[in-house]
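Residues per chain are reported as follows:
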Amino acid sequence: MKPGVSVVIPAYNYAHYLPLTLDSILKQDYPNFEIVVVDDGSTDNTAEVVARYGNKVRYVHQKNAGLSAARNTGIRHAKFDYLAFIDADDEWRPTMISRIMEAFSRLPEEFAIIACHYDYIDPQSKPLKIKNIIPVEEREFSCRDFILKTRFTSSSAIIKRVAFDTCGVYDETLRSSEDRDIWIRISAKFRVYMVGERLSLIRRHPHNMSKHADRMKSNIRRVLAKAYEAELVPHRDRLFWMRVFSFYYFQNSWRYRDEGRCGEALRQILCSFLLWPFFPRPDRLNEPPLFRLRSLMRFARELVAGLPKPS
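Residues numbered from 1 in each chain as written. Predicted model: local features only at pLDDT ≥ 70, side-chain atom pairs only at ≥ 80, totals over all residues. Heavy atoms only, no water.

Draft legend 1. Spatial organisation of the layout of surface pockets. Its boundaries defined by the atoms lining it, the second largest pocket holds a volume of some 320 Å³. In terms of lining, the second largest pocket is formed by Arg139, Arg144, Asp145, Leu148, Arg151, Phe240, Arg243, Phe279, Pro280, Arg281, Arg284 and Leu285. Listing elements by their share of the lining of the second largest pocket, those giving two or more residues are helix 5 (143-148) and helix 9 (238-258). The leading source of residues in the lining of the second largest pocket is helix 5, at 3 residues. Each residue belonging to the lining of the second largest pocket can be placed in one class, and the counts come to 5 nonpolar, no polar and 7 charged. (1 Å grid on protein atoms, 1.4 Å probe; cavity = no way out; pocket = protein on both sides within 12 Å on 5 of 7 lines; lining within 4 Å. Points joined across faces, edges and corners; volume = space filled by probe spheres on them. Helix = DSSP H or I, 4+ residues; strand = E, 2+ residues; numbered from the N terminus. Nonpolar A, V, L, I, M, F, W, Y, C, P; charged D, E, K, R; others polar.)

Structure follows, in structure tokens:
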């Protein structure tokens, strides 16, 4: 018997996407898994949608407590020692579980997270062409990698339960970026690997959590502050931490730009330049050459274009 995998779906008012998610899991070619839907106090017909699947899906309801709390509830209810978390608006390709579990079987025991590359889809599940500069290849990630930049989504990984037993569960005080926080904490004590295939499908739509610039900025800063205070990379490595916060400001700038707040976007990217002048290998960050200079020029043009015309 192959090792079992518990697939946890935290769900909050995504009943319109949930059948697509559930169907993609039920099409997996791996023989031993369970599905646990944690309804985080939804006010739509999530319970009704899950009921249609009968005993193929376990349903757990809780009062609304947030994404981290829903995932932690899923951990408590999961019966297997391998856990996967897929958001209720994402999908998997049919070989997602089997390919990752095959990697677990051939890699040393100290690997606690194995992830995959992913593609983006639109609300109708059609492919989206979005920047992908990092090659689709197998590689290992370190704690430093995750502190600098998140490397994959929560819907693209399978995690050993022992990692949560050792490093703790999701931080329920975070309202976003809780996945990056857990990757950082686990990678400080275990090894992390990515297989060279795009096996998960991440849906982009106007209600994605990553669209909220102020919330993302605040929570990511808290995640980085936790890593800094724990000295997961020594404080004396100041050049590393300058790069970390420089890239943090750059990412903030695009979130503000996407909200139409070009003035704040410009301020954030200028902070990025002040902290660190040049990234010699931008491809490692999934960015093109001169990516910040290009962004700075674009934000400046958009800000000028948005100013009122002189009378």
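Draft legend 2. Up close: a nonpolar patch on the surface. A cluster of nonpolar side chains, namely Phe278, Leu290, Leu293 and Met297, defines an oily patch on the protein surface of about 410 Å² accessible area. Considering the arrangement of structural elements, one finds Leu293 in helix 11 (residues 291-306). A relative accessible area of 40% means that Leu293 is categorised as partly exposed. (Patch = residues over 30% accessible without salt bridge, like charges linked within 9 Å, V, L, I, M, F, W, Y side chains within 5 Å. Areas by Shrake-Rupley, 256 points an atom, 1.4 Å probe, with all protein chains shown as cover. Salt bridge = Lys/Arg side-chain N within 4 Å of Asp/Glu carboxyl O. Buried < 20%, exposed > 50% of the residue type's maximum accessible area, 1.4 Å probe, protein only.)

Draft legend 3. Representation of the packing of helix 10 (residues 262-275) against helix 11 in the model. At their nearest, the axes of helix 10 and helix 11 sit 9 Å apart, and the two run at 155 degrees to each other. When the axis of helix 10 is compared with that of helix 11, the two are roughly antiparallel. For the pair helix 10 and helix 11, the crossing hand works out as left-handed. Residues Cys262, Gly263, Ala265, Leu266, Ile269, Leu270, Ser272 and Phe273 of helix 10 touch helix 11, and the partners they reach there are Arg292, Leu293, Ser295, Leu296, Phe299, Ala300, Glu302 and Leu303. Residue classes in the contact of helix 10 with helix 11 are distributed as 11 nonpolar, 3 polar and 2 charged. (Axes fitted to C-alpha atoms, helices over the stretch in contact; angles between N-to-C directions. Parallel < 35°, antiparallel > 145°, perpendicular 65-115°, else oblique. Left-handed = near helix turned anticlockwise from the far one by under 90°. Contact = heavy atoms within 4.5 Å.)

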